[in-house]
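A closer look at the structure
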Amino acid sequence: QALANAGVQKLMPYQPGKPVEELERELGISESIKLASNENPLGPSPRAVQALGSLLDQLAQYPDGNGFALRSRLAEKLSVEAECITLGNGSNDVLELIARAYLAPGRSAVFSAHAFAVYPLAVQAVGAEARVAAANAPDHAMPWGHDLSAMADQVTESTRVIFVANPNNPTGTWVDGESLHDFIAAQPADTLVVVDEAYCEYVEEQDYPDTTRWLSEFPNLIVTRTFSKIHGLAGLRMGYAVSHPQVADILNRVRQPFNTNSLAQAAALEALDDEAHVHQSVQVNREGLAQLTQAFNERGLGYIPSVGNFICVDVGSDAEPVYQALLHQGVIVRPVGGYGLPQHLRVTVGRAHENRRFIDALDQVLNR
Ligand code: PMP
């Protein structure tokens, strides 16, 4: 243990949900539904799945280490140069590349309380200091969401990276374009602002920012996105960063030469072009969120207003036993006590019948 670097020794590993089959075996249940990992209930675009078949006889070959086709297509879509794109083995990989390239002992990173769990892990693993800003108060319109002025207050001379999750997981809260623009403009030029937009495609708010347009103005901005959520390709692992070419150059120096695989590259390329599937996914999510919030309102259950494909509901007491009882009903959701939200459960927005099953199970468990 003592041989690992000091940051790693203190790491609490990320706790992914157990595979459904394993849980079912453990609990002696079947036909459960998983609404725990913010996956797309519609799955990936059929075009993406089809693209995989034609690649199976090429598995002996290395993938294109530069991801040329996908980076070019992304660049075209986003109206940036291909040199601005860095591909990652999920956006998680990209977040770690940023930490490895820009953080070290003696440097610090700023993020919000209740923010995505990978930020503290990535920061600690490289021995940097994590400076955690207090989040919005529970009675704020965006409860437990990012408080950008509290975040700005945490920035010191040692700060090289700021992580802003927009929207944030697990809270589902978001920051508007004007506030975010002002925030980035006020940061020192040698501090990178990472805007993690894993769920951006779901957001339909008028003043949600189109951040990739700000890259020429802010050379210290990095926008990260993923194919795991709206594109339903979480199992293949593909994410990317959009940044100034000089930042991308640095990130490309530290990544593994073949960090994204050929299947993921090909599927992502097809998924990007299947706009009908993206629209349908957004629509199913919009309807599902409305279904869930209506049910919470009818039952007098509090919840954190969300613009993502998940929502945190306040069960009014310790959420852990409620989570366990739901599991026995075959409904898998995510307790978020580890995020400092001990009375909330995060539920991924599913299709109508899945949401219904979750609500019915919750009624049973809460005796309503
Ligand atoms: N950022 C946020 C806010 C997330 O919720 C997630 C997934 N849980 C990720 C990044 C990473 O997703 P992936 O590595 O699958 O792209």
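Keep in mind that what you see is a predicted model, and the values were worked out from it rather than measured. (Residues numbered from 1 in each chain as written. Predicted model: local features only at pLDDT ≥ 70, side-chain atom pairs only at ≥ 80, totals over all residues.)

Quick look at the overall build of the chain
Along the backbone of the chain there are 13 helices and 13 strands. Expected size for 368 residues packed as a compact globule is a radius of gyration near 21 Å; at 20 Å, the chain falls within 12% of this value. Taking the principal axes of its C-alpha atoms as reference, the chain extends roughly 55 × 55 × 50 Å. By the burial criterion, 47% of the 368 residues in the chain qualify as buried. Long-range contacts, defined as pairs at least 24 residues apart, comprise 74% of the intrachain contacts of the chain with a sequence gap of at least 6. (Helix = DSSP H or I, 4+ residues; strand = E, 2+ residues; numbered from the N terminus. Rg over C-alpha atoms; globule rule 2.2 N^0.38 Å. Buried ≥ 20, exposed ≤ 12 C-beta atoms within 10 Å, placed from the backbone. Contact = placed C-beta atoms within 7 Å.)

Re the pairing of strand 3 (residues 108-112)
Taking burial as the measure, the 5 residues of strand 3 include 5 buried ones, the bulk of the element. Alternating residues of strand 3 divide into Ser108, Val110 and Ser112 and Ala109 and Phe111, and every residue in both groups is buried. Direction of pairing for strand 3 relative to strand 4 (residues 129-133): parallel, over a ladder of 5 bridges. The residue bridging Ser112 from the neighbouring strand is Ala133, located in strand 4. Handedness of the crossover is the feature at issue here: the chain leaves strand 3, passes through helix 6 (residues 118-125), returns alongside strand 4, and the resulting connection is right-handed. Sheet topology note: the strand 3/strand 5 (residues 159-165) ladder contains 3 bridges and is parallel. Bridge pairing in strand 5 links Ala109 to Val161. (Pairing = 2+ DSSP bridges. Right-handed = clockwise from strand over helix to strand, strands pointing away.)

Re the nonpolar core
Core analysis: the largest hydrophobic core is formed by 69 residues, its most contacted members being Ile98, Val161, Ile162, Phe163 and Val194. The dominant element in this core, judged by the number of residues it contributes, is helix 10 (residues 262-273), at 7 residues. Residues contacting Phe163, with those up to four places away along its chain left out, are Ala109, Phe111, Ala115, Tyr119, Val194 and Asp196. Core analysis: the second largest hydrophobic core is formed by 31 residues, Val315, Tyr323, Val349 and Phe358 among them. (Core = buried A, V, L, I, M, F, W, Y, C linked by C-beta atoms within 7 Å.)

A word on unusual backbone geometry
Backbone torsion omega between Asn166 and Pro167 reads -5°, so that peptide bond is classified as cis. Tracing the backbone through its elements, the reader meets Pro167 in the loop between strand 5 and helix 8 (177-185). Positive phi outside glycine occurs at Asn38, with the angle close to 55°. Within the fold, Asn38 resides in the loop between strand 1 (33-34) and helix 3 (46-53). One non-glycine residue, His114, lies in the positive phi region at around 65°. Among the structural elements, His114 can be located in the loop between strand 3 and helix 6. The class of His114 is buried, set by 27 C-beta atoms lying within 10 Å.

Let's talk about the UniProt feature "domain: Aminotransferase class I/classII large" (unreviewed entry) in the chain
Using the residue numbers shown here, the UniProt feature "domain: Aminotransferase class I/classII large" (unreviewed entry) corresponds to residues 32-362. Its end C-alpha atoms 14 Å apart, residues 32-362 is made of 37% helix and 17% strand. (UniProt positions renumbered as here; feature names shortened; annotations may be inferred.)

Brief notes about helix 5 (residues 91-102)
The end-to-end C-alpha distance of helix 5, which contains 12 residues, comes to 17 Å, matching closely the 16 Å that a straight helix rising 1.5 Å per residue would cover. Taken across its 12 residues, helix 5 has 10 buried, putting it largely inside the fold. Those residues of helix 5 lying buried are Ser91, Asn92, Asp93, Val94, Leu95, Glu96, Leu97, Ile98, Ala99 and Tyr102. (Expected span 1.5 Å × (residues − 1).)

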